[in-house]
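# Architecture at a glance
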Amino acid sequence: MQLPRTPSFRLDGRRALVTGAGRGIGLAAAAALADAGAHVTLVARTGPEIEAVATAIREAGGGADTLVLDLQDLAAAERAIAAAGRVDVLVNNAGTNRPKPFTDVTHDDYDAVMDLNLRAAFFVAQAVTKRLIEAGRPGSIINISSQMGHVGGANRTIYCASKWGMEGLTKAMAVDLAAHRIRVNTVSPGLTDTPL
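What counts and what doesn't
Sequence order as written defines residue numbering, which begins from 1 separately in each chain. Selection of residues for local features in this predicted model requires a pLDDT of at least 70, selection of side-chain atom pairs for listing and counting requires 80 or more, and totals for whole chains, interfaces and linings are taken over all residues. As a rule here, side-chain values cover all heavy atoms of the structure and leave hydrogens and water aside. Throughout this description, buried means an accessible area under 20% of the type-specific maximum (1.4 Å probe, protein chains only), exposed means over 50%, and partly exposed covers the range between. Helix numbers and strand numbers start at the N terminus; a helix is a DSSP run of H or I with at least 4 residues, a strand a run of E with at least 2. Working definition: the arc comes from the directions between the helix axis and the C-beta atoms, pointing outward to the latter. Here the term cavity refers to a set of points on a 1 Å grid, laid over the protein atoms alone, in which a 1.4 Å probe fits but cannot get out; the term pocket refers to an open set having protein on both sides within 12 Å along at least five of seven lines, with lining residues being those that place an atom within 4 Å of a point. Grid points are joined across faces, edges and corners, and a volume is the space filled by probe spheres set on the points. Between any two strands, pairing holds if DSSP finds at least two bridges. Looking down the strands as they point away from you, a crossover is right-handed if its path from the first strand over the helix to the second goes clockwise.

Along an α-helix, residues three or four positions apart point the same way, because every turn accommodates 3.6 residues. Of the residues making up helix α3 (residues 74-83), those classed as buried are Leu 74, Ala 76, Ala 77, Ala 80 and Ile 81. Relative to the axis of α3, the buried residues are bounded by an arc of 155° and lie together on one face. Across from the buried face of α3, at angles greater than 90 degrees, the exposed residues are Arg 79 and Ala 83. Phi turns positive one or two residues past the end of α3, at Gly 85, with a value near 90°.

Written out as structure tokens, the structure reads:
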């Protein structure tokens, strides 16, 4: 008897951009994409972290480069993405959390979480998508959400709001971009042991 086998998942010749790629889920996504043959551009504010990941990917036989970038500086992010070359796959992973009781959340807390988790993700995806459409190329946008985009959690009001927003954004993007052969999905991990 021959057992069924899952076909190999290869991304040879494709280019991926992963935000928040220096640690945690972003690092794991970058490593998996590189292992599948994609050339990965690792994006984060912390150069030494993404350089270490890129070095490890190259030492394992993969292709990787880095882009040190604060995604909350939208003009800089849009310029950098435009200059980064072709992107076939975006893993929109950069994010943050400031757990506090609802009544203790400050304006600064709200802005920090919403600006990175939702606003930056929106405009990074838009920058990548515009280039795909201009080139007439299909692509894949993977927005990293969270189980907190589906349920509530103690001390997580702004995080939950940002991830619920990510879920709605992804659904609307998928509708808008389907005609351009750009697939848009979320991955919604549960509790994950990361530095965050």
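Another point: the layout of surface pockets. What the second largest pocket holds in volume is close to 380 Å³. Lining the second largest pocket are 20 residues, with Phe 9, Leu 11, Val 89, Ser 140 and Arg 183 sitting closest to its centre. Of all the elements in the fold, those that place two or more residues in the lining of the second largest pocket are α1 (24-35), β4 (89-92), β5 (139-144) and β6 (182-187).

Extensive coverage of strand β2 (residues 39-44) is indicated by the burial of five of its six residues. Looking at chain direction, strand β1 (residues 15-19) and β2 are connected through five bridges and run parallel. Bridge pairing in β2 links Val 18 to Leu 42. The handedness of the β1 to β2 crossover, carried by α1, is right-handed. Of the strand pairs in this sheet, β2 and strand β3 (residues 63-68) are connected by six bridges, and their pairing is parallel. Among the inter-strand pairings, Ala 44 is bridged to a residue of β3, identified as Val 68. Taken together, β2, helix α2 (residues 47-59) and β3 form a β-α-β motif whose crossover is right-handed.

Worth remembering: the numbers are spatial, not functional.
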